[in-house]
Amino acid sequence: MKSRIFYCRSMSSKGQQLQRKLAAILAADVVGYSALMHKDEQATLLMLDLLESDIVTPTIAGQSGRVVKSMGDGWLARFDSAAQAVTAAMQLQEQLAEHSLMNMRIGVHVGDITEKGDDILGDGVNIAARLESIAPTGGIAISEPVHLNLVHTLADAFKAVGKKKLKNIQRSLDVWIHDGPHLGASQSTHSFTETSLPKLSIHPVTCSDQRTELREMAAALTSDFGSYFRTINWLNAAISSTEPPEG
């Protein structure tokens, strides 16, 4: 039996129409963002852009959701059903598990929200954000209202962890946890490991021009390329230091 979502409309003090609805809210946040920025700011910002454009936005849209807010290292999305939100959350974590450059925590809640333009506000949003904060690295935390709306396949992927007191939320909530696709003590909040990085191999070419100034310029450029690519933490660059023999 399909449940119906009812909503009411009211007007803000500035005359803007507000809509109150029941919705599923997903809150996601990158783990260890500050440490990643300290380690390599440019690489982290690049990876966040790729994460949003290639994984977060299309995955949420694929489950008929909408990204409401992008906060640099986090996202807030809304869905019409708990199953859509949880499916999107699990797909996000599965895709991130394919490499170890970034990890994410996700919280999902079903509750009342108030739509104000393109933004969403209310207790439901706050609870989703607090659930995200207690989710395991690479995992998902959901509230009992979400778990009750899941079919067996999705519901069985979560384990009950009892009532939890969430920051700035008056009542304790029954929480369910999904540990994510990759577990273990070796998992870290930011692991730029050589084996998981994209690889780039650079081989200098022979300068056929016999003019000394051009040969020196070519050698300097090769050295500059090597120095630059070695500073990129998310790239495994291999630069040959010798020129290949002339053919």
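Analysis parameters
Within each chain, residues carry numbers counting from 1 in the order of the written sequence. The model is predicted, so local features are restricted to residues of pLDDT at least 70 and side-chain atom pairs to those at 80 or more, both for listing and for counting; the totals for chains, interfaces and linings are taken over all residues. For side-chain calculations, the full set of non-hydrogen atoms in the structure is used, while hydrogens and water are omitted. Only DSSP runs of H or I reaching four residues or more are called helices, and only runs of E reaching two or more are called strands; each is numbered from the N terminus. Here a polar contact is recorded for every N or O atom pair within 3.5 Å, except that within protein the pair must consist of a potential hydrogen donor and a potential acceptor, and residues adjacent in sequence are included only if both atoms are side-chain atoms. Two residues qualify as a contact provided that any one of their heavy atoms is within 4.5 Å of a heavy atom in the partner residue. Put simply, buried Ala, Val, Leu, Ile, Met, Phe, Trp, Tyr and Cys residues joined by side-chain atoms within 4.5 Å make one nonpolar core. When accessible area is computed with a 1.4 Å probe and restricted to protein chains, residues below 20% of their type maximum are described as buried, those above 50% as exposed, and intermediate ones as partly exposed. For salt bridges, the criterion is a side-chain nitrogen of Lys or Arg within 4 Å of an Asp or Glu carboxyl oxygen. Expected helix span is given by 1.5 Å per residue-to-residue step, counting one fewer step than there are residues.

Caption draft 1: Seen up close, the side chain of R78. Along the polypeptide, R78 turns up in strand β4 (residues 74-79). At 2.9 Å, the side chain of R78 forms a polar contact with the side chain of D80. A polar atom in the side chain of R78 sits 2.5 Å from the side chain of E115. What R78 contacts, discounting residues up to four positions off in sequence, is K21, A23, A24, G65, R66, V68, I113, E115 and I120.

Caption draft 2: Representation of the nonpolar core in the model. The biggest cluster of nonpolar side chains holds 35 residues, and the ones touching the most others in it are L26, L51, V86, I106, V108 and I142. With eight residues, the top contributor of residues to this core is helix α3 (residues 82-96). When near neighbours in sequence (up to four residues on either side) are disregarded, V108 contacts I25, L26, A85, V86, A89, L131, I140, A141, I142, S143 and V146.

Caption draft 3: View of the environment of A82. Of note, A82 is situated in helix α3. When its relative accessible area of 5% is taken as the criterion, A82 is described as buried. On a C-alpha basis, the gap between A82 and H147 in space is 8.0 Å, while along the polypeptide they are 65 residues apart.

Caption draft 4: Spotlight on the pattern of salt bridges. Inspection of every chain in the model, using the stated rule, returns seven salt bridges. Members of the salt-bridge network, linked through shared partners, are K21, R78, D80 and E115.

Caption draft 5: Region of interest: the side chain of Q93. Tracing the backbone through its elements, the reader meets Q93 in helix α3. Owing to a relative accessible area of 2%, Q93 belongs among the buried residues under this scheme. Aside from chain neighbours lying at most four places away, what touches Q93 is M104, R105, I106, G138, G139, I140 and P181.

Caption draft 6: Quick look at α3. Counted at 1.5 Å a residue, the expected span for α3 with its 15 residues is 21 Å, and the 21 Å between its end C-alpha atoms agrees. If you check which residues of α3 are buried, you get A82, A85, V86, T87, A88, A89, M90, L92, Q93 and L96.

Caption draft 7: Quick look at the environment of G162. Examined against the element boundaries, G162 turns out to sit in strand β8 (residues 159-164). A sequence separation of 12 residues divides G162 from D174, and the C-alpha atoms of the two residues are 5.3 Å apart. The residues contacting G162, other than those within four sequence positions of it, are L173, D174 and V175.

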